[in-house]
Amino acid sequence: MNPKARECPHCRRQVSVEVCSKYFLRGTAYTVRCNHCDTELALIREPVPFKWCPLAGFLSVVIPGEYFLFVRHIGLIKSLTYAALFGILTIGVIAFYTITRIYFKRA
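Just so it is clear, the structure is predicted and the values come from calculations on it, not from any experiment. Position labels on residues start from 1 in each chain and follow its written sequence. Totals for whole chains, interfaces and linings use every residue, but because this is a predicted model, local features are given only for residues with pLDDT of at least 70 and side-chain atom pairs only at 80 or more, for both listing and counting. Side-chain figures throughout are based on the complete set of non-hydrogen atoms in the structure, without hydrogens or water.

Novice: Describe in detail the state of the cysteines, supporting the description with residues and values.
Specialist: Here, two cysteine sulfur atoms that lie within 2.5 Å of each other are counted as a disulfide. All chains considered together, the criterion is met by zero disulfides. Between C11, a cysteine without a disulfide, and C37, which holds the nearest cysteine sulfur, the sulfur-to-sulfur distance is 3.7 Å. The closest cysteine sulfur to the non-disulfide-bonded C20 is located on C34, 9.5 Å from its own sulfur. Note on classification: 1.4 Å probe, protein chains only; a residue is buried when its accessible area is under 20% of the maximum for its type, exposed when over 50%, partly exposed between these limits. Take C20: its relative accessible area is 1%, and that puts it in the buried class.

Structure representation (structure tokens):
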């Protein structure tokens, strides 16, 4: 039987996004508790390999920043602002992708 994303293996209910969001602040080496049955849960595997997240974040800011600064000839402050918006968008995509790839096992 294949587990579903964010499903508790004990009670078969989805663990809330609030509980899963603790992985953004603490990392994936910790356990969490199911908000329905209070079972201690651990990740089966890392949802998104960490080595790709800083690379995606860096490239999503540097490439638009360089584009707006040198190709479009926009000022430095505006280029940094546009690049920061792309970076925020990329962080949101990575967070959504991480939440949809969380699979639990009993700790």
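Novice: Before we move on, could you go through the environment of G27 and cite the residues and values that matter?
Specialist: Think of it this way: any DSSP run of H or I at least four residues long counts as a helix, any run of E at least two long counts as a strand, and we number them from the N terminus. Within the secondary structure, G27 sits in the loop between α2 (22-26) and β1 (32-33). In this structure, the C-alpha to C-alpha distance between G27 and R6, residues 21 residues apart in sequence, is 16 Å.

Novice: I'd love a proper account of the nonpolar core, names of residues and values included.
Specialist: Note on terminology: a nonpolar core comprises buried Ala, Val, Leu, Ile, Met, Phe, Trp, Tyr and Cys residues joined through side-chain atoms within 4.5 Å. By size, the foremost hydrophobic cluster in this structure holds 12 residues: C8, V15, V19, C20, Y23, V32, C34, L41, L43, I99, I102 and F104. Elements with a minimum of two residues in this core: α1 (17-20) and β2 (40-43). Not counting residues up to four positions away in its chain, the partners in contact with V32 are V19, Y23, R26, T39, E40, L41 and F104. Contact criterion: two residues are considered in contact whenever any of their non-hydrogen atoms come within 4.5 Å of each other.

Novice: An account of the packing of aromatic side chains is requested, with residue identities and associated values reported.
Specialist: Between rings of Phe, Tyr and Trp, where Trp is taken as its six-membered ring, a pair exists when centres lie within 6.5 Å; planes separated by under 30 degrees are stacked, by over 60 edge-to-face, and by other angles tilted. Applying the stated rule across the entire model yields four aromatic pairs. The interplanar angle of 40° and the centroid separation of 6.2 Å between the aromatic rings of F68 and F86 together place this pair among those described as tilted. With F68 in helix α3 (residues 52-71) and F86 in helix α4 (residues 76-100), this pair connects stretches of sequence that are 18 residues apart. Its relative accessible area of 14% is what places F68 among the buried residues. Under the relative-accessibility criterion, F86 is labelled partly exposed at 38%.

Novice: Describe the side chain of T90, listing the residues and the values that go with them.
Specialist: Tracing the sequence through the fold places T90 in helix α4. With residues near it in sequence (within four places) discarded, T90 still touches A56, G57 and S60.

Novice: So what's going on with the sheet that holds strand β3 (residues 104-106)? Residues and values would help.
Specialist: Taken together, the three strands give an open sheet; going across it, the order is β1-β2-β3, and neighbouring strands pair in antiparallel fashion. If you trace the sheet from one side to the other, it starts and ends with β1 and β3, each paired once. Strand pairing is assigned whenever DSSP detects at least two bridges linking the two strands. Two strands pair when backbone bridges link them, and β2 and β3 are joined in this way by three bridges, in the antiparallel orientation. Following the sheet pairing, L43 is matched in β3 by F104.

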